[in-house]
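Below, each chain spelled out in residue letters.
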Amino acid sequence: MDRRIRVRFAPSPTGPLHIGGVRTALYNYLFAKKHGGDFILRIEDTDRTRFVEGAEEYIIESFKWLGIKFDEGVGIGGRYEPYRQSERTMYKDYALQLIDKGWAYYAFDTPEELDNLRKEYETLKKNFQYDCNTRDNLRNSITMSAEEVDERLKNGEPYVIRFKFPKNADIHLTDLIRGEVKMNSSLLDDKVLFKSDGLPTYHLANVVDDYLMDISHVIRGEEWLPSCPLHVSLYRAFGWEERMPQFAHLPLLLKPEGNGKLSKRDGDRLGFPVFPLLWRDKKTGEISSGYRESGYLPQAVVNMLALLGWNPGTEQELFSMNELIDVFSLERISKHGAKFDLVKAKWFNHQYFQQLSNEEIATDYLEILKQKGINSTMEYTKEVVSLVKERCDFLSDMWGNSYYFYQSPENYDEKVVKKRWKDNMTEVMSQILEQMQNIAIANEGNNTAFAHSTEEFLLNYIGENQLNMGQVMNCVRLALVGEGKGVNLADIMRLIGSKTTLSRIERSITVLENEV
Ligand code: GLU
């Protein structure tokens, strides 16, 4: 098939974009780029009751952050403008075309009438559906004379236009992921195509636009599979079957444990974002966390999402966007839902965090330090970064792993004190301090030499006095860091320098000698 590949991401601006929607867009993008095709952003905003202000801007900003670029669409333009459905005015003509062809009809039933019917059915433990079995008893252009219909339309009576599914016809479709799907038309309800507010429903607008925009493949979430028989029927009713796109319905993103669709509540409960960017609900003030604000790198989010439901068929896990474009294929999308994995998400971020240069990390870290009232230099912080970054998954992990390079301990971890600072440790530390003062004088102005000589001295001193290596080293560490953690002692001493090293040891002796 030499049809040009054209795919679209068609979100409805009803709130922040769920991370599953981001994955759908990513797969569309990868597919388009792999085949040298076009990727389009269409905003499906014809349901004005669900419209949320700011959602469209949020969607556009999310993809900008993620590095997923559209070729055409809202905010970009293109030959099929406008790409915002509320600005497109052709839908009614198409709905009328279907009425002319006998594939649709006017329905005048009021919402109250339908509601009453629903209730009546409920009392009989049945489900009311507007379909081929019920429509012959309802108030529509099938049951009314042409004159009556004209009269009602002339009087401005509210109406909707419904699709007219034939009785007992099998609707077949081939889904690129699911395979053959078959549905009997008698089970389907006559969906509203055009609403009484003068706007099309999702189904009509979506199909008309996919046709007019020459979309070759519809790649979207599995939740739309039940609507697909209607969409296929619409293509047939319009006589557009030859230009009908191929369908690929993506499996759901599942909760980390158990089954079920990944929801915002799972994110809140388990502490991970389900939205790309932070979202503030204007009405309730409620805040939903975003990957960006939680410190995730866009490359990590893209890489993680790519592998949630698709696999490359190899062991490779790290992929740049270009590599993904290279290896992506619809055939390798799983039929089964993919479980979200928080540990893996962090792992991906860790990998991409390591790929940043020390300078990049230091630039951002200096900002964080400034907010804490700490003024440091690029040179110093770059060194700190080089020592601790492998311990970090996120920029926000930097402080917890490196605060001791910027401030002297105020308190000493009680557990470590109890375990290590005992016996004659105060005396040992005092002797060590004395020797270190000599080493500092001998290496005046050269912190590297000071650190090395001190390390050497410590090892000799411990050996000569037959002391417990772990105990002594941890007391020195306690003095310098305040806890039993941190990078190599020589590196700490080298960076903080001899003066700070000595004053920290001195203070630890003053504070801790009274504790034991
Ligand atoms: N507007 C629909 C949505 O919000 C688009 C579904 C489709 O891609 O057809 O998901």
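So, here's what we can say about the structure.

Cut-off values and rules
- Residues numbered from 1 in each chain as written.
- Predicted model: local features only at pLDDT ≥ 70, side-chain atom pairs only at ≥ 80, totals over all residues.
- Heavy atoms only, no water.
- Helix = DSSP H or I, 4+ residues; strand = E, 2+ residues; numbered from the N terminus.
- Rg over C-alpha atoms; globule rule 2.2 N^0.38 Å.
- Buried < 20%, exposed > 50% of the residue type's maximum accessible area, 1.4 Å probe, protein only.
- Contact = heavy atoms within 4.5 Å.
- Lys, Arg positive; Asp, Glu negative; His and termini not counted.
- Charge placed at Lys NZ, Arg CZ, Asp CG, Glu CD.
- Pairing = 2+ DSSP bridges.
- Axes fitted to C-alpha atoms, helices over the stretch in contact; angles between N-to-C directions.
- Near = heavy atom within 4 Å.
- Polar contact = N/O pair within 3.5 Å; in protein donor to acceptor, adjacent residues only side chain to side chain.
- Areas by Shrake-Rupley, 256 points an atom, 1.4 Å probe, with all protein chains shown as cover.
- Nonpolar A, V, L, I, M, F, W, Y, C, P; charged D, E, K, R; others polar.

Regarding its fold elements, the chain presents 19 helices and 14 strands. A compact globule built from 516 residues would reach a C-alpha radius of gyration of about 24 Å, whereas the chain, at 33 Å, exceeds it by more than 25%. When its C-alpha atoms are laid out on the principal axes, the chain stretches across 110 × 55 × 35 Å. Buried positions account for 50% of the 516 residues belonging to the chain. Partitioning the contacts of the chain with sequence separation of at least 6, the portion at a separation of at least 24 is 71%. Across the chain, the mean location of the 65 positive side-chain charges is 3 Å away from that of the 77 negative side-chain charges.

Strand order in the open sheet made by the 3 strands is 4-5-8, with antiparallel pairing throughout. Pairing within the sheet leaves two strands with one partner each, and these edge strands are strand 4 (104-107) and strand 8 (192-194). Sheet twist, expressed as the average angle between the axes of neighbouring strands with direction ignored, equals 45°. In this sheet, strand 8 lies alongside strand 5 (residues 160-163) in antiparallel orientation, the contact comprising 2 bridges. Of the residues in strand 8, the one forming a bridge with arginine 162 is valine 192.

By secondary structure assignment, the location of glutamine 471 is in helix 18 (residues 469-481). You can call glutamine 471 buried: its relative accessible area is 11%. Aside from chain neighbours lying at most four places away, what touches glutamine 471 is Arg420, Lys422, Asp423 and Met425.

Neighbouring the ligand are the residues Arg8, Ala10, Ser12, Glu44, Tyr202, Asn206, Arg220 and Trp224. At a separation of 2.7 Å, a nitrogen atom of the ligand approaches a polar backbone atom of alanine 10. Between an oxygen atom of the ligand and a side-chain N or O atom of tryptophan 224, the distance comes to 3.3 Å. With the chains in place, 83% of the 290 Å² that the ligand exposes on its own is no longer accessible. Looking at the shell around the ligand, its residues break down into 3 nonpolar, 2 polar and 3 charged.

Keep in mind these values describe shape, not function.
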